[in-house]
Amino acid sequence: MTNSAVSRGDFAEAGADLELVGISKRFPGFTAIDDLDLTIPAGSFFALLGPSGCGKTTTLRLIAGLEEPTAGRILIGGKDVTRTKAFQRPVNTVFQSYALFPHMTILENVAFGLKRRGVKDATRLAHEALQLVELDHVSARRPSQLSGGQQQRVALARAVVNRPALLLLDEPLGALDLKLRRQMQIELKDIQSEVGLTFLHVTHDQEEAMTMADTVAVMNKGQIEQMGAPQELYELPRTAFVATFLGQSNLFTGQVVSSNADSITVDSAGARITVPKPRAERQSGLVTVGVRPEKVSLTSTKPAEAAGVNVVGPGRISDVSFSGVSTQYEVTIAGHGPISVFEQNTSISRMHHDGDEVWLTWSVEHSFGLADEGDVEHDAPRFVDDTPTTSIATRKRAQLKAELEEG
Amino acid sequence: MTNSAVSRGDFAEAGADLELVGISKRFPGFTAIDDLDLTIPAGSFFALLGPSGCGKTTTLRLIAGLEEPTAGRILIGGKDVTRTKAFQRPVNTVFQSYALFPHMTILENVAFGLKRRGVKDATRLAHEALQLVELDHVSARRPSQLSGGQQQRVALARAVVNRPALLLLDEPLGALDLKLRRQMQIELKDIQSEVGLTFLHVTHDQEEAMTMADTVAVMNKGQIEQMGAPQELYELPRTAFVATFLGQSNLFTGQVVSSNADSITVDSAGARITVPKPRAERQSGLVTVGVRPEKVSLTSTKPAEAAGVNVVGPGRISDVSFSGVSTQYEVTIAGHGPISVFEQNTSISRMHHDGDEVWLTWSVEHSFGLADEGDVEHDAPRFVDDTPTTSIATRKRAQLKAELEEG
Amino acid sequence: AGGGSELQPAEDRSESDPTLNWANWPFYIDEDDNGNYPTLEAFQEQTGISVTYNITVDDNNSYYATVRDQLALGQDIGADTVCLTDWMVSRWIQLGYTQELNYDNIPNAANLSEDLRNPEFDPGRRFSIPWQGGFAGIAWNTEQVGELRSVDDLWAPELRGRVGVLSEMRDTMGLILMNNGVDISGDFSADDFNAALDIFREQVTGGQIRNVRGNAYTEDLVNEDTLAAIAWSGDITLLNFEAGYEKWKFVIPEAGGTLWADNFLIPIGSPRKTNAETLINYYYEPEVAAEVAAWVNYITPVEGAREAMEAIDPELAENELIFPSDETLANTRIFRGLTGQEENEYQAAFQSVLLGA
Amino acid sequence: MRGFGKYTIWVYSGMALVFLMIPIVYTIIFSFNDARRTNIIWRGFTLDNWLNVCAAQDVCRAFGNSILIAVVATFIATVLGTMIAIALVRYRFRFRNTTTLLIFLPLTTPEVVLGAGLAAQFLQAGVPKGLGTVIIAHALFCISFVIVTVRARVASLDPALEEAGRDLYGSPQQVFWRITFPLLLPGIIAAALLSFALSFDDFIITNFNRGAEVTFPSFVYTAAARGIPPEANVIASAVFLLAILFVLVSQFTAAARRRRLAKL
Amino acid sequence: MAFSAFTPTEQKADASIQKRSPVALLLLLPGVIFLVLFFVTPLLSLLLTSLQEPVPGGFFGEYRQALRWENYVFVLETYGTQTLRSFGYAALASLFALLIGFPLAYFIGITLRRFPLLQALCLVLVIAPFFISFLLRTLAWKQIFAIEGPVAGFFSMIGILGPGQSITGTAFSVVFGLTYNFIPFMTLPIYATLERLDLRLVEAGGDLYASPATTFRTVTLPLAAPGVISGTLLTFIPASGDYINASRDFLGSTETAMIGTVIEANFLVLQNYPAAAALSIVLMAVILVLVGIYVKRSGTEDLL
Ligand SMILES: Nc1ncnc2c1ncn2[C@@H]1O[C@H](COP(=O)(O)OP(=O)(O)OP(=O)(O)O)[C@@H](O)[C@H]1O
Ligand SMILES: Nc1ncnc2c1ncn2[C@@H]1O[C@H](COP(=O)(O)OP(=O)(O)OP(=O)(O)O)[C@@H](O)[C@H]1O
Ligand SMILES: NCCCCNCCCN
Ligand SMILES: [Mg+2]
Ligand SMILES: [Mg+2]
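No experiment lies behind these values; they were computed from the predicted model shown.

Draft legend 1. How the structure looks around the overall build of chain A. For chain A, the count of helices and strands is ten helices and 20 strands. Residue pairs at least 24 apart in sequence account for 67% of intrachain contacts in chain A once pairs closer than 6 positions are excluded. Of the accessible surface of chain A, which amounts to about 15900 Å², a share of 50% is contributed by carbon and sulfur atoms.

Draft legend 2. Spatial organisation of the overall build of chain D. Each helix and strand in chain D was counted, giving eleven helices and zero strands. Overall, chain D shows an N-to-C arrangement of helices and strands of α-α-α-α-α-α-α-α-α-α-α. Expressed along its principal axes, the backbone C-alpha trace of chain D runs to roughly 70 × 60 × 35 Å. Looking at chain D as a whole, 63% of its 264 residues are labelled buried. A fraction of 72% describes how many contacts in chain D between residues 6 or more apart in sequence connect residues 24 or more apart. Of the side-chain charges in chain D, 22 are positive and 12 negative, and the distance between the mean point of each set is 7 Å.

Draft legend 3. Geometry of the site of ligand 3. All names here are of chain C. If you check the shell around ligand 3, you find 13 residues, and the closest are P26, D171, N215, D235 and D262. Residue D235 places a side-chain N or O atom 2.6 Å away from a nitrogen atom belonging to ligand 3. Separating a nitrogen atom of ligand 3 from a side-chain N or O atom of D262 is a distance of 2.7 Å. Contact with the protein chains covers 99% of the free accessible surface of ligand 3, which is 330 Å². By residue class, the composition of the shell around ligand 3 is seven nonpolar, two polar and four charged.

Draft legend 4. Spotlight on the interface of chain D and chain E. Facing 94 residues of chain D, the contacting portion of chain E comprises 94 residues. Between chain D and chain E lies a buried interface of about 8800 Å² when both sides are counted; carbon and sulfur atoms form 80% of it. If you look at where chain D meets chain E, you find one salt bridge. The residue E:R137 makes a salt bridge to D:D201 at a minimum N-O spacing of 3.2 Å. With 15 residues, the single largest contributor to the side of chain D that touches chain E is helix α1 (residues 3–30) of chain D. Its residues assigned to classes, the side of chain D that touches chain E comprises 71 nonpolar, 15 polar and eight charged.

Draft legend 5. Quick look at the pairing of strand β10 (residues 223–228) of chain B. Both strand β9 (residues 215–220) of chain B and β10(B) contribute to a ladder of five bridges, which runs antiparallel. When the bridges of β10(B) are listed, B:V218 appears paired with B:Q226.

Draft legend 6. View of unusual backbone geometry. Here B:K221, not a glycine, exhibits a phi torsion of approximately 50 degrees, which is positive. We note that E:Q271 has phi near 50 degrees; this positive angle belongs to a residue other than glycine. In this structure, E:Q271 sits in the loop between α9 (259–269) and α10 (273–297).

Draft legend 7. Seen up close, the sheet that holds strand β9 (residues 215–220) of chain A. All names here are of chain A. One open sheet holds the six strands; their spatial order is β6-β7-β8-β3-β9-β10, and the pairing between them is mixed. Across the chains shown, the open sheet's two edge strands, defined by having one partner strand only, are β6 (91–94) and β10 (223–228). Along the sheet, successive strands turn relative to each other by an average axial angle of 20 degrees, direction set aside.

Draft legend 8. Spatial organisation of the environment of A:Q226. Residues and elements named next belong to chain A. Of note, Q226 is situated in strand β10. Residues Q226 and D170 lie 56 residues apart in sequence; the distance between their C-alpha atoms is 20 Å. In contact with Q226, other than residues within four places in its own chain, are V216, A217, V218, L233, L236, P237, R238, T239 and V242. A distance of 2.6 Å separates a polar side-chain atom of Q226 from the backbone nitrogen of R238.

Draft legend 9. Focus on the UniProt feature "transmembrane region" (unreviewed entry) in chain D. All names here are of chain D. Sequence positions flagged by UniProt for "transmembrane region" (unreviewed entry) are, in local numbering, residues 7–29, 67–89, 101–123, 135–154, 175–200 and 234–256. In the segment residues 175–200, helix accounts for 100% and strand for 0%; the C-alpha atoms at its two ends are 35 Å apart. What you have in residues 234–256 is 100% helix and 0% strand, and the ends, taken at the C-alpha atoms, are 32 Å apart.

Draft legend 10. The arrangement of the pattern of salt bridges in detail. Scanning the entire structure with this criterion turns up 41 salt bridges over all chains. Close ionic contact of D:E163 with A:R61 constitutes a salt bridge, the shortest N to O distance being 2.5 Å. Here A:R61 lies in helix α1 (residues 56–64) and D:E163 lies in helix α7 (residues 159–167), a pairing that spans two chains. Note that C:R213 and C:D220 form a salt bridge whose closest N and O atoms lie 2.8 Å from each other. For C:D220, a relative accessible area of 3% gives the class buried.

Draft legend 11. Looking closely at the domain arrangement of chain D. Considered domain by domain, chain D is made up of domain 1 (1–56 + 229–250) and domain 2 (69–226). Domain 1 of chain D and domain 2 of chain D are separated by 29 Å when their C-alpha centres are compared.

Draft legend 12. Fine view of the sheet that holds strand β20 (residues 368–369) of chain B. Residues and elements named next belong to chain B. Pairing in this open sheet of five strands is antiparallel, and the strands run β13-β12-β11-β14-β20 from one edge to the other. One side of each edge strand has no neighbouring strand; the edge strands of this open sheet are β13 (271–276) and β20. Here six bridges tie strand β12 (residues 263–268) to β13, and the two strands are oriented antiparallel to one another. Across the sheet, residue T265 finds its bridge partner in β13, namely T274.

Draft legend 13. Spatial organisation of helix α6 (residues 131–155) of chain D. Its 25 residues place the ends of α6(D) 35 Å apart at the C-alpha level, agreeing with the 36 Å of an ideal helix rising 1.5 Å per residue. With 23 of 25 residues buried, α6(D) lies mostly within the body of the structure.

Draft legend 14. Summary view of the confidence of the model for chain D. Within chain D, residue pLDDT values average 82, and 91% of them lie at 70 or more. Scored by ipTM, the complex comes to 0.77, with pTM at 0.79.

Draft legend 15. Region of the structure containing the pairing of strand β4 (residues 71–76) of chain B. Residue and element names in this part refer to chain B. Of the pairings in the sheet, the one linking strand β1 (residues 18–27) to β4 comprises five bridges and is antiparallel in character. By the bridge assignment for β4, V21 is matched with R73. Looking at chain direction, β4 and strand β5 (residues 79–80) are connected through two bridges and run antiparallel. By the bridge assignment, I76 is partnered in β5 with K79. If you look at the hairpin formed by β4 and β5, you'll find two residues sitting between the two strands, and G77 has a positive phi there, around 60 degrees.

Draft legend 16. Highlighting the confidence of the model for chain A. Residue and element names in this part refer to chain A. Averaged over chain A, the pLDDT score is 81; the fraction of residues at 70 or greater is 85%. Confidence, read as mean pLDDT per element, is least for helix α9 (residues 376–379) in chain A (39) and greatest for strand β4 (residues 71–76) (93). Below a pLDDT of 50 lies the segment residues 1–7, which in the model reaches 15 contacts outside its immediate sequence neighbourhood of four places, other chains included. Confidence drops under a pLDDT of 50 for residues 376–407, and excluding neighbours within four residues, the segment shows 54 contacts in the predicted structure.

Draft legend 17. Here's a closer look at the packing of helix α4 (residues 96–108) of chain D against α10(E). At their nearest, the axes of α4(D) and α10(E) sit 10 Å apart, and the two run at 115 degrees to each other. With respect to each other, α4(D) and α10(E) are oriented roughly perpendicular. In the packing of α4(D) onto α10(E), the handedness of the crossing is right-handed. Facing α4(D), whose interface residues are D:F104, D:L105 and D:T108, α10(E) presents E:M284, E:I287, E:L288 and E:V291. Considering only residue class, the contact of α4(D) with α10(E) consists of six nonpolar, one polar and no charged.

Cut-offs used in this document
Residues numbered from 1 in each chain as written. Chains lettered and ligands numbered in written order. Predicted model: local features only at pLDDT ≥ 70, side-chain atom pairs only at ≥ 80, totals over all residues. Heavy atoms only, no water. Helix = DSSP H or I, 4+ residues; strand = E, 2+ residues; numbered from the N terminus. Contact = heavy atoms within 4.5 Å. Areas by Shrake-Rupley, 256 points an atom, 1.4 Å probe, with all protein chains shown as cover. Buried < 20%, exposed > 50% of the residue type's maximum accessible area, 1.4 Å probe, protein only. Lys, Arg positive; Asp, Glu negative; His and termini not counted. Charge placed at Lys NZ, Arg CZ, Asp CG, Glu CD. Near = heavy atom within 4 Å. Polar contact = N/O pair within 3.5 Å; in protein donor to acceptor, adjacent residues only side chain to side chain. Nonpolar A, V, L, I, M, F, W, Y, C, P; charged D, E, K, R; others polar. Buried area = accessible area lost by both parts, 1.4 Å probe. Salt bridge = Lys/Arg side-chain N within 4 Å of Asp/Glu carboxyl O. Pairing = 2+ DSSP bridges. Axes fitted to C-alpha atoms, helices over the stretch in contact; angles between N-to-C directions. UniProt positions renumbered as here; feature names shortened; annotations may be inferred. Domains from an automatic or database assignment. Expected span 1.5 Å × (residues − 1). pLDDT = per-residue confidence, 0-100. Parallel < 35°, antiparallel > 145°, perpendicular 65-115°, else oblique. Left-handed = near helix turned anticlockwise from the far one by under 90°.

Okay, here's the thing in structure tokens:
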């Protein structure tokens, strides 16, 4: 434990910067991470979003030291840790699969890291961590005697108790139901801001990412597609992938037909859509522009054309679905795919009905123009060939076997 | 296969009614279902919601014939099937755990049910079902060679291909990411309405339940707590459990201080809240009333008292969180728990900020009065001792193994 | 394996190690109701040598097989003395697997019967000295079977599947050969042997003979799997004693029986040679010999035992099995020594029948 | 399998178990036989055999030898086998297939071949036969069983657990001894028990390599000639009853522990 | 427990395969050296022995190294019957052991899941025979089958046994003994697979209209296949080399000699080492070929 980055017995006083420089990770026959640069400032809560198999877990494993990068460097708190071993890094992970030690009690599990570091009152601290996740009453049980949700909370306690400078969370709340999940989110956020630790959080739950994180990164095929403050990312997606992966978007593709100092106007199958120039990545030629469903209003009568407002229509409501807080309308307009509109249910009676003729309007400032052409929806297969991490092992094994047989 | 309810070779032409009469299921030392009555009309899409361990899976297993009820009768299409075996019931299940046959290819898995019923072009139909879930290209693989999401889609195809009169879906989309899940929901809904099958759908995803189902039932501790059309249930929850489990609610408990022909007024820690009588389950004494967060508006200036509007405040915004479509504000008012307010993000700039003094207003007609006292939040432990069904099997197995190893 | 001249006897540590392991056949020593061996106990008391008596010999071949490798290496085989049959003793001596006896330690060897002093395989008894002798003859269960006189009687249809014979080739084949009129002590030919073997094979494959076993043939007699058998003389007396009545009867067939002796020898690797010699000396005391013989009913090689027997039980002194008359002896033959080649061939042929090959 | 089916399997399996028990019960009954010399025929009930087990001179020594051999051979096989099993699952190396074949071959080698081959080898190498050679022989055939058993366990060990250990500041040694090893232990114990049973019961290979040493099975084999002494039955019965007792006790304590834990 | 050995290893495991490492060598070396020393070398010397020839005019049991391939011809000609018989008996015994062992394993592994105590007890009863010596058990059967014994009495009463016929010493008693003695080897691996069998798959079969019998055939049985295969191998291989059951001192007679008996006789009694060695090698070769075919056919190469 000499030359270890982890000092014995004391806790991180604050989070540490994390810096990934030109990181690549190639598995035999598959590049999981491709030349990734990423800086997470100390004390921030960073969320990583992305479809299954895009490399989120791999990134975390590289940072934790459980996997060696093929290329690139990893710096924690300014110190190059690329070649140090997992147990020497001031990093803890809440594993996607919990990875609780089945042969130890819950208490022993939580105290494990503390004991390895020679912390004196490991047991007391472990009890405290368990109290935090409200599981101190089961501290004498074995992991197999807990429900999935409880196990996940133990995994959380086991990592958090070490107060690591950098905490990696791999879908730490996936097994909890909505209500419980919200409660744990609050708890996590509290711990993070209290000690000022750095959190790197992987999740499939977009709302979770957006409510908790300071910075959200959307990852796709081993690279970070876009990154920024949640609201910024949501309000101004730069690619069709981000626009449709993070929340929903209505996209329109067409030629730029006019342009002035402030804005460009696109003609998409007859619909004229204006986008403020600062919000448009491309300003001429064929472009894709979009608007979020909740920004769109429906009117039953043709609205007057007005500057600063995009109007599309008329179309017909082809589907209405109630989802609690809001109602989602699907509007079909010739020449366009179905367009979604959310209306918050501020009133009980619904204002529009299936089959109604409607016009769509939205403020020009809500439009955004993408950097790519937004044909993701049309060319790619409807279902991505998702490869969640569980299937990796299988593949790896088959590969290895093949290699061995050749060798 | 004589006296089977399943005829050879042909498919259900329409869904079948499902009727549960006084069903109870007791496990040694645990009553999972308690005197449950339930009727699901043919051709409907019925969603069952409830916290982990409330008995959802057990209910489905009873209907499928995989478990025998301790008491009560089960009727499918008017026919008492209580004593018939699983393979004789015109019911198929998409299992929570997939339960794909590991020794068969994907195609064989999907064709299994058809072959058992002697359907002639089983292979062709299986291929069609796989195309539906866009997995025909992996039809020759084994389940272990698929990702979790793909496996789940195969499970779906395997059940759907049989066009059973009654299809039981136990969290069939849980492993898919948001986008994929939305797509599969549409697919399922299409199949259901196309053939008019009866679907009984268990899910943790409330939005899913509310957008897909004709009827939603909220289950709690082996009993159905409330049931109805999604919007009805959401707008007018009858118990505190439903109000807080299904979406969020702001609840206020207090004495009824005045009452007229149309409404009652409750004084809760100084806040006067009026509820229309038809929306109030109890009309005198100590009652709990509530309102949904999205129904509440925030104003920075004290609004004028007006009939038909409840005003509470002033309070202070203690938390603001952006979640994409909407922003959630938490408002603290002395004497009350934190109150949630959603505002749809129709505009980019936020109207209220952390620390702002605000008043809450909502239309009286949006208030609801509960049948119970809504102290669920205060008495029960914050985290329910959740026992998801998946953990039961694991635990049982672990126990057995432990026993053997000790022996 | 080979000449074995290079093997050196183990160093004798009898002085410091007053113990002795003796390997022997079943039913071959006096035994009281508690399973103790009275003569042996007396010996231990007298000499202070504590003896472990192992009944580990069921058949010469199978015993030899278990110790052969050690003998070849000159190692202790776990027995300081073992009683084996003449022909097997001959093999051991040729291979150099035995230690030369020091007759200074065996003064009682003077009591060795005259006609046993110079066998072909060990002239002058340098390496071996008899323990007991006996006959192979035929025995039957008197409750189920009538009187048997000859080997042919064993082939009677009513005994089909109920006849046992010995895995000891010289006894089983010897009786059949004699039944064919061949003198087994003379220069019989391979043809003679093969003719007898054909009979044997026929009886085996035809199902007349139920099984071919070592000393464990007694077990088959007891549980009545076999009703008649080729048997060793003394065993039957002991079986009857255990049964409590004359259940079985033993005779030497009319055409003649075999005569053999089992001999003490001291394996090359035994470090307790003197102790073994002390034991041999003890059993060459006529009184002791008589006591053993009275029990086992085998022929004692010890002169003077007959007189001693008179004192114990005069009736036994007349027992033909212990003290055969010349008349009885005349009806028995010793199987002649076989050359290496013959041994190979005959054993292989005999085994091939046992293996059904 | 409901109704009739359920009932059938209980009856069928019950019969199978009874069938398995027949010679065992027979052996136990005859351990109480007042046998004088041959324990073939029932002569009356006595407790003497149980009270003076070691009366038949060799039984106890043979039994002691068997236990000694089984313990040592099991130890060797378990240690070597576990090491190989871990290497096979966790590492890549050249000649992996050859090694796998090498491990599988002893399993397909009939005991006579194994016994005879080893015996010839010892003879050629001039190794004296005795307990040592028997132990080597037993360790040899047990090793393959251990490897297969432990390998399954190593393979089903979730690598994430070791990773978690490393993530939680455990050094490689600490991770091995605190996580890997305890998790493999049940498999190792199972393998050891199996080895012990196989070694304790082995006759064929032993017989080729035991030299003058007597093991319990070889004692039985030679003693068979004159009827096995009832003391052998006593020992066999005692071992059997002990095994049952052991299981019952451990089951009950496990159940008690579960109940205690459940109360927590 | 113990016999989880024979079920295929779970796949996720291999995710942990690491690169070449000196540790691997350290772990492997002692065991491999042990195996090479005490398994490979004897095997090689067995091969050499099988080619020896008698020293002309030499002593009983004296041989010298040569390349006498005729030894193989000799043993095959002389002991062809016994060799075939061995495989026949072993195959029969495996079949019967399967017929008894499979339901028993199913019972313990599946039916008794709800009764842990009973399950453990039954499991012990299956393993218990190991602790009563194999030989004692076999001798017990011999006594039980003795001509004047209860079984033989019953058999002759119902006319199965004619006069002069006995149970012991026949093919029946040898196959019976083999079956009995190998039941644990058959049952335990099957138990190990069935114990892990996910009953939800069986339920899924029922849900998809398969009757219990069909479910058994299409789901349970294929999933138990690895256990059945290990079980049959662990029964067939040792059974074909067994010489105790077939021995004249146990349940056999001169009519039932198996290849093991022959090897033993040649090795121990006749001291015909070349013949014994040649036979051993023939036996191994045949077994390897049979096992190879069997494992290939059943598609479980992974298993071993
Ligand atoms: N050992 C490996 N060998 C080959 N490919 C691998 C290996 N590990 C991961 N991959 C591949 O790398 C990609 C990224 O995997 P990773 O586990 O990082 O995904 P993820 O984003 O965490 O997905 P999920 O949301 O399902 O957890 C996947 O496509 C996977 O197939
Ligand atoms: N075999 C059993 N023995 C005892 N209790 C059981 C058994 N099966 C289920 N239970 C209990 O019955 C209750 C209902 O279980 P069920 O599987 O129906 O829950 P669920 O609503 O499907 O939960 P989840 O959302 O986690 O799938 C749980 O509390 C569970 O502990
Ligand atoms: N029960 C003692 C039998 C002794 C037999 N010795 C073998 C003689 C071989 N001819
Ligand atoms: Mg992942
Ligand atoms: Mg469930």
